[in-house]
Amino acid sequence: MHVRTARLLTALTAVLTVTTACGSGQAGPAPGTGAQGGRTDITAAMYPLQWLAERIGGPDTAVTALTKPGVEPHDLELSPVQIAGIERTGLVVYVKGVQPAVDEAVEQHAADRGFDAAALVKTLPLSDDGEEDEEGHAHDTSYDPHVWLDPTRMAAIATKLGDRLAEADPAHAKGYRDRAAATVADLTTLDGEMSRGLSTCSSRAIVTSHAAFGYLADRYKLRQIGITGLDPEAEPSPARLAEVANVAKQEKVTTIFSETLVSPKVAEVLSREIGARTAVLDPVESQPANGDYLSAMRQNLSALKTALGCS
Ligand SMILES: [Zn+2]
């Protein structure tokens, strides 16, 4: 009952806030300006972009996250309040192809205020492995959208986000560009650690739950074998499991990776089948319980070094 009451209050507060903003005429921000008390209002669709927006926006912006911490973002549904927020925000930072509901909302309500990270970097085609989506979820892209798992692509996106914010809010341009440069420096350091850490390994094949790690594999010359396709909730068929088990045996895979927000059941079954261990690889699609994008990627590096026998 308490939970329900709290939810109701939250919903009411949100409705009242929206009503006030819409009905305030001259006093409040006009729809579409996305300014909140002199700060630019940014809506971030999922965690990696929230992290970039908060770091680069700094004190000059107010960032609203559409995906709550610990929630798997692919199948996110938007509430009417969130859609109203998208109508009024200054910038929606998202990756087209990850969250169909967000793609649609931007197209309908914020076409001139969308910042699509996937459009800014060289994308990779969908992985051949596990592309079948048995749940019938539509991915209306021809590319793999998980661009944030390559720190160098993240750095390119950071620079462009700094530029975009500087153009939208020239009074604070230096702050945006300086913070973007600091973010790029951190991502470049991370990339160096990952390049060195994964340069000499006894195996280069990674078996992952869903095919999220194509960009990481591309950057560090690993080979991803995704058990399911792009949708982490999809159940692999027995035929697909048998196929992955065969490839994993051939490649002498020691570790089957599961991920933070998805049941490890499939990874456990497969690891028993081929006599391998399981470990966690975080696709950083949601805010880590502890730490941030950089620390989650460093944990991934550590897990990969162990699994692949890197010196
Ligand atoms: Zn994913």
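Residues numbered from 1 in each chain as written. Predicted model: local features only at pLDDT ≥ 70, side-chain atom pairs only at ≥ 80, totals over all residues. Heavy atoms only, no water.

Attention now moves to the overall build of the protein. A count of helices and strands for the protein gives 10 helices and 11 strands. For the protein, buried positions account for 50% of its 311 residues. Sequence-distant contacts, at least 24 apart, represent 64% of the contacts inside the protein between residues at least 6 apart. Carbon and sulfur atoms make up 55% of the accessible area of the protein, which totals about 14600 Å². (Helix = DSSP H or I, 4+ residues; strand = E, 2+ residues; numbered from the N terminus. Buried < 20%, exposed > 50% of the residue type's maximum accessible area, 1.4 Å probe, protein only. Contact = heavy atoms within 4.5 Å. Areas by Shrake-Rupley, 256 points an atom, 1.4 Å probe, with all protein chains shown as cover.)

So, on to the coordination of the zinc ion. Distances from the zinc ion to its protein donors, His74 (NE2), His146 (NE2), His210 (NE2) and Glu285 (OE), fall at 2.0 to 2.2 Å. The sequence pattern formed by the donor residues of the zinc ion is H-x71-H-x63-H-x74-E. Placement of the pair is histidine 74 in the loop between β3 (61-65) and α3 (80-88) and glutamate 285 in the loop between β11 (277-280) and α10 (293-308), with a sequence separation of 211 residues. Using a relative accessible area of 3% as the deciding quantity, one classes histidine 74 as buried. Here glutamate 285 falls in the buried class, since its relative accessible area comes to 3%. (Donors = N, O, S within 2.8 Å, 3.2 Å for Na, K, Ca; no water.)

One can find aspartate 282 in the loop between β11 and α10. One buried charged side chain, aspartate 282, makes no salt bridge at all; its nearest oppositely charged neighbour is arginine 298, positioned 13 Å away. In terms of polar contacts, aspartate 282 uses its side chain to reach the backbone amide nitrogen of valine 284, at 2.7 Å. Those residues in contact with aspartate 282, other than ones at most four positions away along the chain, are Leu149, Phe213, Thr260, Ala296 and Asn300. (Lys, Arg positive; Asp, Glu negative; His and termini not counted. Salt bridge = Lys/Arg side-chain N within 4 Å of Asp/Glu carboxyl O. Polar contact = N/O pair within 3.5 Å; in protein donor to acceptor, adjacent residues only side chain to side chain.)

A few words on the nonpolar core. Trp148, Leu216, Tyr293 and Leu304 are the most contacted members of the largest nonpolar core, which has 57 residues in total. For this core, the elements supplying multiple residues, two or more each, are α2 (47-57), β4 (91-94), α5 (151-168), α6 (173-197), α7 (214-219) and α10. Here the element with the most residues in this core is α10; it accounts for nine residues. With residues near it in sequence (within four places) discarded, tryptophan 148 still touches Met46, Pro48, Val95, Val98, Met154, Pro283, Val284, Glu285 and Tyr293. Membership of the second largest hydrophobic core comes to 14 residues, among which are Ile227, Ala245, Ala267 and Leu270. (Core = buried A, V, L, I, M, F, W, Y, C linked by side-chain atoms within 4.5 Å.)

Right, let's get into the environment of valine 95. Its place among the elements puts valine 95 in the loop between β4 and α4 (100-109). Not counting residues within four places of it along the chain, the set of residues in contact with valine 95 comprises Leu49, Asp103, Asp116, Ala117, Ala118, Pro145, Val147 and Trp148.

Before going further, it helps to spend a moment on α5. Between its terminal C-alpha atoms α5 stretches 25 Å, which fits the 26 Å expected from 18 residues at 1.5 Å a residue. What α5 keeps buried is the set Pro151, Arg153, Met154, Ala155, Ile157, Ala158, Leu161, Gly162, Leu165 and Ala166. (Expected span 1.5 Å × (residues − 1).)

So, about α4. Listed as buried for α4 are Val102, Asp103, Ala105 and Val106. All buried residues of α4 lie within an arc of 165 degrees about the axis, which places them on one face of the element. Exposed side of α4, more than 90 degrees from the buried face: Glu107 and Gln108 are the residues found there. (Arc of directions from axis to C-beta.)

Next up on the list: the environment of proline 283. With respect to the element layout, proline 283 can be found in the loop between β11 and α10. With relative accessibility at 3%, the residue proline 283 sits in the buried group. Along the sequence, proline 283 and alanine 211 sit 72 residues apart, while their C-alpha atoms lie 9.4 Å from each other. Ignoring sequence-local partners within four residues, the contact set of proline 283 consists of Trp148, Leu149, His210, Ala212, Phe213, Glu259 and Thr260.

What follows covers the pattern of salt bridges. Scanning the model with the defined rule gives 11 salt bridges in all. A salt bridge links lysine 174 to aspartate 178, with the shortest nitrogen-to-oxygen separation between them at 2.5 Å. Of this pair, lysine 174 and aspartate 178 both sit in helix α6, four residues apart, roughly one helical turn. Judged by its relative accessible area of 62%, lysine 174 falls in the exposed class. Note that glutamate 251 is salt-bridged to arginine 223, the shortest N-O span being 2.4 Å. Within this pair, whereas glutamate 251 is found in the loop between α8 (238-250) and β10 (255-258), its partner arginine 223 is found in strand β9 (residues 223-228), the two being separated by 28 residues in sequence. Shared partners join several salt bridges into a network, and the residues in it are Asp150, Arg153 and Asp218.

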